[in-house]
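Next come the chains, spelled out residue by residue.
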Amino acid sequence: MVKNIKIKKIHQDTMCCEPLLVKGKGDELLCICQCDGPEEPHKDNREYIFRSYDNGDTWTKKERLIPETGRAEYATGVYKTNEEIAVFFSTQSKGWYSPEDWKCNIIKSFDEGATWQDCGDSPVFANDTFIRTSVKISDNEILVPYHTYYKNDNNDFYMVESGVLKTTDNHKTYKRYPAHIMELENINDCIWSEPTLAVLS
């Protein structure tokens, strides 16, 4: 049972939400967080990285995760292997939930968070999907939760699917396992499922 929690403020000059925390090089901690814009979603939302070198007691000023593209940005999950740190990323030119304009890519660092690069489409899904942070369930099995939207012939969202991606080769390849599929009550409804996994025992 957790009995003592210390809260350390990292940034509060603008709207901030959905931080992702991952270990960097040595004792460095990396916090990837959405900032900017008056609210979420908004066309000015951008992703930044903050760094701590003292176990989270103090943090650097924000720095952009990737160069400016003119698109709103949403980092939805992160994983780390011996070779890379990777961030699942969504971008939209209109801010959020644009069926014609929702791109999913993966941002990677090969130097433990010092520099980052866009490495193309996210695994399995190139559009219309939130891919969340993975959970290791055995020595060679990792599950990655997701939710994705189906489009009809008019390019409108009409159905949503939640499930997991399973990788047995340390995020090199994935197999898709849908868990729940439902039709939207109204076309282009937003179903904010944001599935999250945890190992209980």
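Residues numbered from 1 in each chain as written. Predicted model: local features only at pLDDT ≥ 70, side-chain atom pairs only at ≥ 80, totals over all residues. Heavy atoms only, no water.

Draft legend 1. How the structure looks around the sheet that holds strand β7 (residues 103-109). Ordered in space as β5-β6-β7-β8, the 4 strands form an open sheet in which the pairing is antiparallel. In the strand order of this sheet, the two ends are held by β5 (72-80) and β8 (117-121), each with one partner. Averaged over all pairs of adjacent strands, the angle between strand axes in this sheet comes to 30 degrees, irrespective of strand direction. One ladder, built from 3 bridges, connects β7 with β8; its direction is antiparallel. Paired with Asn105 across the strands is Asp121, a residue of β8. (Pairing = 2+ DSSP bridges. Helix = DSSP H or I, 4+ residues; strand = E, 2+ residues; numbered from the N terminus. Axes fitted to C-alpha atoms, helices over the stretch in contact; angles between N-to-C directions.)

Draft legend 2. Broad picture of unusual backbone geometry. Between Glu40 and Pro41 the backbone carries a cis peptide bond, its omega angle lying at 10 degrees. By secondary structure assignment, the location of Pro41 is in the loop between β2 (29-35) and β3 (46-52). Of note in this structure, Asp36 is not a glycine but carries a positive phi near 75 degrees. Backbone geometry at Val124 places phi at a positive 70 degrees, although glycine is not the residue there. Summarising the element assignment, Val124 is placed in the loop between β8 and β9 (129-131).

Draft legend 3. Molecular detail of the sheet that holds strand β4 (residues 63-64). The sheet built from 4 strands is open, its strands ordered β1-β2-β3-β4 with antiparallel pairing. Here the strands that pair on one side only, and so sit at the sheet edges, are β1 (16-23) and β4. Both β2 and β3 contribute to a ladder of 7 bridges, which runs antiparallel. Across the sheet, the residue bridging to Leu30 is Arg51, located in β3.

Draft legend 4. Expanded view of the pairing of strand β12 (residues 157-167). For β12, the tally of buried residues reaches 9 of 11 residues, placing the bulk of the element in the interior. With 10 bridges joining them, strand β11 (residues 142-151) and β12 adopt antiparallel strand pairing. Across the sheet, residue Ile142 finds its bridge partner in β12, namely Thr167. In textbook terms, the turn of a hairpin is the stretch between consecutive antiparallel strands, and for β11 and β12 this stretch comprises 5 residues, one of which, Asn155, has a positive phi near 70 degrees. (Buried < 20%, exposed > 50% of the residue type's maximum accessible area, 1.4 Å probe, protein only.)

Draft legend 5. Here's a closer look at the nonpolar core. Counting 14 residues, the largest nonpolar core has Ile32, Leu65, Val87, Phe89, Ile107 and Trp116 as the members making the most contacts within it. Per-element tally for this core: the top contributor is strand β6 (residues 85-92), with 3 residues. In contact with Trp116, not counting residues within four places along its chain, are Leu30, Ile32, Ile49, Arg51, Leu65, Ile85, Val87, Ile107, Lys108 and Ser109. Counting residues in hydrophobic clusters, the runner-up holds 11 residues, among them Ala86, Phe125, Tyr146 and Tyr174. (Core = buried A, V, L, I, M, F, W, Y, C linked by side-chain atoms within 4.5 Å. Contact = heavy atoms within 4.5 Å.)

Draft legend 6. Layout of the pairing of β1. Relative to β2, β1 runs antiparallel, the two being bridged by 6 bridges. Within the sheet, the bridge partner assigned to Cys17 lies in β2 and is Gln34. The turn linking β1 back onto β2 is made up of 5 residues, and Gly26 within it adopts a positive phi angle of 60 degrees.

Draft legend 7. Region of interest: the environment of Ser52. Within the fold, Ser52 resides in strand β3. What makes Ser52 buried here is its relative accessible area of 0%. A C-alpha to C-alpha distance of 31 Å links Ser52 and Val164, two positions 112 residues apart in sequence. Side chain to side chain, Ser52 and Asp54 meet in a polar contact 3.0 Å long. (Polar contact = N/O pair within 3.5 Å; in protein donor to acceptor, adjacent residues only side chain to side chain.)

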